[in-house]
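Next come the chains, spelled out residue by residue.
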Amino acid sequence: MHPLQFLVPLDQLAAVEPVVPHVALVLVLANFATRFLGHRSHVKQAEEGGEEAISRYLPHSISSGALVLTSFLYLLVEPHGGMVLTVLVVGMFVTDFFEFEARKVEARTDKPLERPNGSLVAATLVLLYAAFQSLFFLVSDYWNLIV
């Protein structure tokens, strides 16, 4: 039984099923780029104006939101892989929230801003799983030998 069997309007999403993992992989890579640029922006803002000047980096917020929506879409078209990806992406999203607050605390106490290590680890896990899902055809022969 396919999960979209009883949902007639959502059944059209089956046509985009093959591209969703690739879109997720591209969004994860874009998220890494915006994460780097956002951290650089936060460091500059903290040097210029302290804690009050630090604001969320809009391109990073957009790429994170798009990644969450893409993982939810993948959850609809591929329940097992989508659930794993969604859990990882939501974990990364929550980690981003707390890392931003940690940067504000560091700026408030006049400490140098550290890299967002927790978010980098979470994003790396998302990258590994998204790459596995989208590039599975490269390792499928070896995977089938083991499994």
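Cut-off values and rules
Residues numbered from 1 in each chain as written. Predicted model: local features only at pLDDT ≥ 70, side-chain atom pairs only at ≥ 80, totals over all residues. Heavy atoms only, no water. UniProt positions renumbered as here; feature names shortened; annotations may be inferred. Helix = DSSP H or I, 4+ residues; strand = E, 2+ residues; numbered from the N terminus. Patch = residues over 30% accessible without salt bridge, like charges linked within 9 Å, V, L, I, M, F, W, Y side chains within 5 Å. Areas by Shrake-Rupley, 256 points an atom, 1.4 Å probe, with all protein chains shown as cover. Salt bridge = Lys/Arg side-chain N within 4 Å of Asp/Glu carboxyl O. Buried < 20%, exposed > 50% of the residue type's maximum accessible area, 1.4 Å probe, protein only. Phe/Tyr/Trp six-rings, centres within 6.5 Å; stacked < 30°, edge-to-face > 60°. Expected span 1.5 Å × (residues − 1). Arc of directions from axis to C-beta. Contact = heavy atoms within 4.5 Å.

Asker: Describe the UniProt feature "transmembrane region" (unreviewed entry) in the chain, listing the residues and the values that go with them.
Answerer: The UniProt record annotates "transmembrane region" (unreviewed entry) at residues 20–37, 83–100 and 120–139. With 100% helix and 0% strand, residues 83–100 has its two end C-alpha atoms placed 26 Å apart. Between the end C-alpha atoms of residues 120–139 there is a gap of 25 Å, over a span that is 95% helix and 0% strand.

Asker: Can you explain a nonpolar patch on the surface? Please cite residues and give values.
Answerer: Residues Leu135, Phe137, Leu138, Val139, Tyr142, Trp143, Leu145, Ile146 and Val147 make up a contiguous nonpolar surface patch of roughly 1,000 Å² in combined accessible area. Within the secondary structure layout, Tyr142 lies in helix 5 (residues 136–146). Tyr142 gets classed as exposed once you look at its relative accessible area, which sits at 58%.

Asker: Got a sec to walk through the packing of aromatic side chains? Specific residues and values, please.
Answerer: The geometry of two aromatic rings is summed up by the distance between their centres and the angle between their planes. Going through the model one piece at a time under the given rule, you end up with five aromatic pairs. Summarising the aromatic geometry, the rings of Phe136 and Trp143 are spaced 6.3 Å apart at their centres and angled 75° between planes, so their arrangement reads as edge-to-face. On the accessibility criterion, Trp143 (39% relative accessible area) is partly exposed. Within the aromatic cluster, the residues linked to one another by ring pairs are Tyr129, Phe132, Phe136 and Trp143.

Asker: Provide a residue-level description of helix 4 (residues 117–134), including the pertinent values.
Answerer: Taking 1.5 Å of rise per residue, the 18 residues of helix 4 would be expected to cover 26 Å, and the 25 Å separating its terminal C-alpha atoms lies within 8% of that figure. Within helix 4, burial applies to Ser119, Ala122, Ala123, Val126, Tyr129, Ala130 and Ser134. End-on, the buried residues of helix 4 take up no more than an arc of 130°, which puts them together on one face. Seen from the open side of helix 4, the exposed residues pointing more than 90 degrees away from its buried face are Val121 and Leu128. Where helix 4 is buried, its residues contact helix 1 (20–49), helix 2 (58–77), helix 3 (79–108) and helix 5.

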